[in-house]
Amino acid sequence: MQIGAKRHRLNIQAPVMAQDGTTGELVPTWTTIGAVWASIEPMRGRERLLGDQIAGEMDTRIKVRWNDITSQITTAHRGEHQGSIFNFVSVAHLYLEQREVEIMAKSGVNDG
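Being a predicted model, the structure only gives us computed values, none of them experimental.

How should I be thinking about the overall build of the chain in this particular structure?
Assigned secondary structure in the chain consists of zero helices and six strands. If you list the helices and strands of the chain from N to C, you get β-β-β-β-β-β. Classification of the 112 residues of the chain by burial places 30% in the buried group. Sequence-distant contacts in the chain: of pairs separated by 6 or more residues, those separated by 24 or more amount to 53%. Of the roughly 7,200 Å² that the chain leaves accessible, carbon and sulfur atoms contribute 50%.

Now the structure itself:
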């Protein structure tokens, strides 16, 4: 594991339900549960036509050091780095030694 490769500050976010101030309805939103240093590596990109707009999507590999925050990450979580949202698709604890977590994620223009 190369510490210098983990140079991106990644906010780990969890889904929560919050009450809308206008309607009182419960709506899904995200809250940051912590920030970790990560290696973010784009793997493959695609573009497709949705209606009259082109939408891009990128498969990304994210590696983080294992700690109390990253040990709890599941595919229900997402990451945020400098305004880009990464929806977690798979989470693997590498080497079973509690040293590193590898996350496969998708990012794109419709990341709501």
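Anyway, onward from the coordinates.
Any chance you could explain the environment of T60 here in plain terms?
As for its placement among the helices and strands, T60 is situated in strand β3 (residues 53–65). Sequence-wise, T60 and A105 are 45 residues apart; in three dimensions their C-alpha atoms are separated by 5.1 Å.

What should I look at first to understand the nonpolar core in this one?
Here is a general trend for soluble globular proteins: nonpolar side chains tend to be buried in one another's company. Grouped together as the largest cluster of nonpolar side chains are 13 residues, with contacts concentrated most on L10, I62, V64, F86, F88 and I103. Contributing elements (two or more residues each) for this core: β1 (8–19), β2 (26–50), β3, β5 (84–94) and β6 (100–108).

Please clarify how the environment of W30 should be interpreted in this entry.
If you trace the backbone, W30 turns up in strand β2. Each C-alpha atom, one on W30 and one on P15, is 4.6 Å from the other, the two residues being 15 residues apart in sequence.

Criteria and thresholds
Residues numbered from 1 in each chain as written. Predicted model: local features only at pLDDT ≥ 70, side-chain atom pairs only at ≥ 80, totals over all residues. Heavy atoms only, no water. Helix = DSSP H or I, 4+ residues; strand = E, 2+ residues; numbered from the N terminus. Buried < 20%, exposed > 50% of the residue type's maximum accessible area, 1.4 Å probe, protein only. Contact = heavy atoms within 4.5 Å. Areas by Shrake-Rupley, 256 points an atom, 1.4 Å probe, with all protein chains shown as cover. Core = buried A, V, L, I, M, F, W, Y, C linked by side-chain atoms within 4.5 Å.

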